[in-house]
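Single-letter residue listing:
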Amino acid sequence: MTPLIELRKVSKYFGPVVSLKDIDMKVYAGEVHCLLGDNGAGKSTLIKTLSGVHQPSEGQIYMEGQPVVFKSPRDALARGIATVYQDLAMLPLMSISRNFFLGREPQRKVGPFSIYDAAFAARVAREEMKKIGIDIRDPDQPVGTLSGGERQSVAIARAVYFGAKVLILDEPTSALGVKESAMVLKYIVQAKLRGLGVIFITHNVHHAWAVGDTFTVLNRGKSYGTFGKNQVTREQLLQMMAGGEELEALAVELDLIARKDPSTAAAEHQAAEELHKPN
Ligand SMILES: Nc1ncnc2c1ncn2[C@@H]1O[C@H](COP(=O)(O)OP(=O)(O)O)[C@@H](O)[C@H]1O
Ligand SMILES: [Mg+2]
């Protein structure tokens, strides 16, 4: 099976900062591929590279086996890569249906004029939300009246409706409570069942484990590799995210500090204080 999207040896540098180094990753249709990693691991940089915000410094992206270059987010979207950011680009005072069609407003003709087709927008928004299991009472209600989870769901439904093949979700559950997260996780599974390849970015291993088929772990811009659910445990994922070796090194260091003879420790403390004194 050809992956929907594939990265081969993708690196991204910002001047001297190495945000990504030699990343290989394959995402297939009908899977939830979780991208895990601590803050600063490179998750956002990776998805920005996939969604046309950044171009890779090195390496190549393939879509359905063909090399591709995304010059802009619009370019990536046109090829079926839809990205839902945590701080959603929605206008809280505008209606759900208006937000659903944001930037792609349906028109209808009235004599020589084209006007926004509000009735069509409302009907489609309601139908599409219903397909993924959300019953919106009134598509004309402002998006601002929806909960965070519902808003994420509008964004997911919108991506599915506009024919996304790859749906990228950047930390969609990190600002949500348990119930709201469960709702979003459910829609992630729905999107996968409709044949999309879903890239789910999170630093919550429990959320990833609940819906993920495959897991790629980033640590300081490098990949630990991709693992199927039967190849790895939740504990191992946690260990990799935290950077296992770093934790061990820290443990050794803490142990040394604890074992140091108290007078040495006091002298070191004093030296440190001296260093930080303002002159
Ligand atoms: N535009 C940028 N310019 C310089 N450094 C950046 C830029 N974007 C990200 N970085 C750096 O790349 C690293 C990875 O960041 P990021 O991809 O945001 O990580 P994550 O999303 O996993 O928290 C960080 O060290 C960050 O400071
Ligand atoms: Mg991030």
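Chains are numbered independently. Their residues run from 1 in the order of the written sequence. To read the labels, note that chains go from A and ligands from 1, taken in the order they are written. In keeping with the model being predicted, local features are shown solely for residues with a pLDDT of at least 70 and side-chain atom pairs are shown and tallied solely at 80 or more, while totals for entire chains, interfaces and linings include all residues. Excluded from the side-chain calculation are hydrogens and water; included are all heavy atoms of the structure.

A. Structural view of the overall build of the protein. Secondary structure is summarised from DSSP: a helix means a run of H or I of at least four residues, a strand means a run of E of at least two, and numbering begins at the N terminus for each. Of the regular secondary structure elements, the protein holds 10 helices and 12 strands. Within the protein, counting contacts between residues at least 6 apart in sequence, those at least 24 apart form 65% of the total. Areas reported here follow the Shrake-Rupley algorithm with a probe of radius 1.4 Å; residue values treat only the protein chains shown as occluding. With an accessible surface of roughly 14800 Å², the protein has 55% of that area assigned to carbon and sulfur atoms. Contacts are assigned to residue pairs that have any heavy atoms within 4.5 Å of one another.

B. Layout of the sheet that holds strand 1 (residues 5-14). Ordered in space as 2-1-4-5, the 4 strands form an open sheet in which the pairing is antiparallel. Each edge of the open sheet carries a strand with a single partner, namely strand 2 (17-27) and strand 5 (66-68). Geometrically, the sheet is characterised by an average inter-axis angle of 30 degrees between neighbouring strands, direction not taken into account. Pairing between two strands is assigned when DSSP locates at least 2 bridges connecting them. Inspection of the sheet shows strand 1 paired to strand 2 by 7 bridges, in the antiparallel sense. Directly across from I5, in strand 2, lies its bridge partner V27. Throughout, an axis means a line fitted to C-alpha atoms (over the contacting stretch in the case of helices), and angles, computed between N-to-C directions, take values from 0 to 180 degrees.

C. Looking closely at the site of ligand 1. Think of it this way: one heavy atom of a residue within 4 Å of a molecule or strand is enough to make that residue near it. Around ligand 1, a shell composed of F14, S19, D38, N39, G40, A41, G42, K43, S44 and T45 is seen. A distance of 3.0 Å separates an oxygen atom of ligand 1 from a polar atom in the backbone of G42. Residues adjacent in sequence count toward polar contacts only when both atoms are side-chain atoms; beyond that, a polar contact is any pair of N or O atoms within 3.5 Å, and within protein one must be able to donate a hydrogen and the other to accept it. Interatomic distance of 2.9 Å between a backbone N/O atom of K43 and an oxygen atom of ligand 1. For ligand 1, the protein covers 59% of the area, taking 560 Å² as the surface of the free molecule. Considering only residue class, the shell around ligand 1 consists of 2 nonpolar, 6 polar and 2 charged. Classification convention: Asp, Glu, Lys, Arg as charged; Ala, Val, Leu, Ile, Met, Phe, Trp, Tyr, Cys, Pro as nonpolar; all other residues, Gly among them, as polar.

D. Representation of the side chain of H54 within the structure. Along the polypeptide, H54 turns up in the loop between helix 1 (43-50) and strand 4 (58-63). Relative accessible area serves as the criterion here: at 17%, H54 is assigned to the buried category. Those residues in contact with H54, other than ones at most four positions away along the chain, are K12, F14, T45, K48 and T49. Think of it in three bands: residues with accessible area under 20% of the maximum for their type are buried, residues over 50% are exposed, and the middle band is partly exposed, with areas taken using a 1.4 Å probe on protein chains only.

E. Expanded view of the pairing of strand 4. Alignment of strand 1 against strand 4, held across 5 bridges, turns out to be antiparallel. Bridge assignment links R8 to a residue of strand 4, and that residue is Q60. In this structure, strand 4 lies alongside strand 5, joined through 3 bridges in antiparallel fashion. Bridge pairing in strand 5 links M63 to Q66. The turn linking strand 4 back onto strand 5 is made up of 2 residues, and E64 within it adopts a positive phi angle of 45 degrees.

F. Quick peek at the packing of helix 5 (residues 148-161) against helix 6 (residues 178-193). At a minimum axis distance of 8 Å, the contact between helix 5 and helix 6 shows a crossing angle of 10 degrees. Classed by the angle they form, the pair helix 5 and helix 6 counts as roughly parallel. Contacts between helix 5 and helix 6 involve G148, G149, E150, Q152, S153, I156 and V160 from the former and E180, M183, V184, Y187 and A191 from the latter. Grouping the amino acids of the contact of helix 5 with helix 6 by side-chain chemistry returns 6 nonpolar, 4 polar and 2 charged. Should an angle fall under 35 degrees it is called roughly parallel, over 145 degrees roughly antiparallel, and 65 to 115 degrees roughly perpendicular, with every other angle called oblique.

Without other data, these values stay purely geometric and don't point to any function.
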